[in-house]
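Here is how the chains run, residue by residue.
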Amino acid sequence: FSSVGARRSHQASCAPCFSDLASLKMGVRTLSEALQLSDECRVITTGSAPFNIVHTNKAWSKLTGFKFTEVANRSNSFLQGPHTEAKLVERMRAASEKGETTRVRVVNYDRYGTPFYNSIEIFPLRDMAGKLTHYCGVLHGEDIPDGVVPPIDRKPEELFGSTSGSSTDPDEEEETAAAASGWPAAAAGRGAGRVKRLRRGGHVTLQEALDNTEDAVVMTQPHPPYAITHVNAPWCEMCGYTLEEVEGLSSSILQGAETDEALLSELMASVRRGESSSATLVNYKKGGARFLNQVHIQPVFNQNDEVDQFMAMLHEVDEKERPPHAAPAAAKKAGRRGERA
């Protein structure tokens, strides 16, 4: 990936698709728009220091060389190096304090230390009340001619060193990470990026679903073929796939010989009606390993209170925990109707 040709070929593959045209002209204004499948290189972070990454897409990974699971819940500072211009970092920070969109062309470094010009536009994302919740960065990489900026020598496996044993105060660590990240120091309130486990049922928003780093979560488009838009790190760890492998595919990648298709149909029928539904299914990890999946599926709502995504939370359980004749509530109701008939 560190070769010049690799980035040039990536630029060609990153030409905007038709769904990107609106964002190119008007910018990314909402979390819903930021999460749309896109050929643009996109990264979404929390809206407050230290601006931890909650989502990247496949195009971003091709540009930077990093996988989402490597950078999830970290700031973007790993893209910086000795020739990253401090004045441009400060410009981004100053613009964010006013809640403004900012655009810069800065020197960044990929996974292996190869420098590149990064034309990045950073959009503040707000909810209906006008509260800043996230940032979306849209990146465009350009090769730097040989000899203009030297590469840096770093080993990817050593890039994210452990901070265990540090005596630094957690609040000071947040401020340090924000200052180094090259991302704006927005006045969104300390602690806004800290995550709680997502509740099941009820009215779940995009913000809540995306910021959940405790449960294994997959989000899809709310219409066939239910293409995957986001998976979080716990999902990747459980299922064995990377976000980059599954983006744009459907959750059928987890299905196999023992997966109950009728039960799946009932689950999807419930969520299409705007209802939450749960069931215990046999699924399969990457490589074919069978596991028992206690899955909860529910609609996720955008800032206009419209169904924007479908979300599934997965929980691997022991065979002993499987309830007899497990079925979603909708399936049981259908069965009772059939008995009465």
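Residues numbered from 1 in each chain as written. Predicted model: local features only at pLDDT ≥ 70, side-chain atom pairs only at ≥ 80, totals over all residues. Heavy atoms only, no water.

*Asks:* Teacher, can you tell me more about helix H6 (residues 86–97) here?
*Replies:* Given 3.6 residues per helical turn, the α-helix brings residues three or four places apart onto the same face. Between its terminal C-alpha atoms H6 stretches 17 Å, which fits the 16 Å expected from 12 residues at 1.5 Å a residue. Here H6 has its buried residues at Leu-88, Val-89, Met-92, Arg-93, Ala-95 and Ser-96. All buried residues of H6 project into a common sector of 165° when viewed along the axis, lining one side. Opposite the buried face of H6, by more than 90 degrees, sit the exposed residues Ala-86, Lys-87 and Glu-97. (Helix = DSSP H or I, 4+ residues; strand = E, 2+ residues; numbered from the N terminus. Expected span 1.5 Å × (residues − 1). Buried < 20%, exposed > 50% of the residue type's maximum accessible area, 1.4 Å probe, protein only. Arc of directions from axis to C-beta.)

*Asks:* Could you clarify how one ought to interpret empty space enclosed by the protein in this entry?
*Replies:* Under the criterion given, the structure shown has 2 cavities of 30 Å³ or more. Taken as a whole, the second largest cavity spans an internal volume of roughly 50 Å³. Surrounding the second largest cavity, Ala-34, Leu-35, Gln-36, Leu-37, Ser-38, Arg-42, His-55, Asn-57, Thr-229 and Glu-247 form its lining. (1 Å grid on protein atoms, 1.4 Å probe; cavity = no way out; pocket = protein on both sides within 12 Å on 5 of 7 lines; lining within 4 Å. Points joined across faces, edges and corners; volume = space filled by probe spheres on them.)

*Asks:* How should the environment of Val-28 be read in this particular structure?
*Replies:* In this structure, Val-28 sits in the loop between helix H2 (21–26) and helix H3 (31–34). The class for Val-28 is buried, based on a relative accessible area of 3%. Separated by 107 residues in the primary sequence, Val-28 and Tyr-135 have C-alpha atoms spaced 9.5 Å apart.

*Asks:* Help me understand the packing of aromatic side chains in this model?
*Replies:* Here a ring pair, both rings aromatic, is described through the centre-centre distance and the interplanar angle of the planes. By the definition in use, this model includes 5 aromatic pairs. A ring pair is formed by Tyr-226 and Phe-310, whose centres lie 5.9 Å apart and whose planes are at 25°; its orientation type is stacked. Of this pair, Tyr-226 sits in the loop between strand E7 (216–220) and strand E8 (228–231) while Phe-310 is found in strand E11 (residues 307–317), placing the two residues 84 residues apart along the sequence. Here Tyr-226 falls in the buried class, since its relative accessible area comes to 17%. Here the aromatic residues Trp-60, Phe-66 and Phe-78 are joined through ring pairs into a cluster of three or more. For the cation-ring pair, Arg-105 lies above Tyr-117, with the distance from its terminal atom to the ring centre recorded as 4.0 Å. Stacked on the ring of Phe-291, the Lys or Arg Lys-285 has its end atom at 5.4 Å from the ring centre. (Phe/Tyr/Trp six-rings, centres within 6.5 Å; stacked < 30°, edge-to-face > 60°. Lys NZ or Arg CZ within 6 Å of the ring centre and 35° of its normal.)

*Asks:* Explanation requested: the pairing of strand E1 (residues 41–46) in the structure shown.
*Replies:* Here is the key point about a regular strand: its side chains alternate between the two faces of the sheet. Burial within E1 is extensive, with 6 of its 6 residues counted as buried. Bridge analysis of E1 against strand E5 (residues 132–143) gives 6 bridges, and the strand direction is antiparallel. Bridge assignment links Cys-41 to a residue of E5, and that residue is Leu-139. Strand direction decides the pairing type here: E1 and strand E2 (residues 53–56), joined by 3 bridges, are antiparallel. Along E2, the bridge assignment pairs Ile-44 with His-55. (Pairing = 2+ DSSP bridges.)

*Asks:* Honestly, the sheet that holds strand E4 (residues 115–126) in this entry has me stumped. Any pointers?
*Replies:* As a general point, the strands of a sheet are linked pairwise by backbone hydrogen bonds and lie either parallel or antiparallel. An order of E2-E1-E5-E4-E3 is seen for the 5 strands of this open sheet, with the pairing classed as antiparallel. Each edge of the open sheet is held by one strand with a lone partner, namely E2 and strand E3 (102–109). The average angle at which neighbouring strand axes cross in this sheet is 30°, direction not considered. Where E3 meets E4, 8 bridges bridge the pair, whose relative direction is antiparallel. What sits directly across from Val-106, in E4, is Asn-118. On the sheet, H6 packs against E3, E4 and E5 and is oriented at approximately 145° with respect to E3. (Axes fitted to C-alpha atoms, helices over the stretch in contact; angles between N-to-C directions. Contact = heavy atoms within 4.5 Å.)

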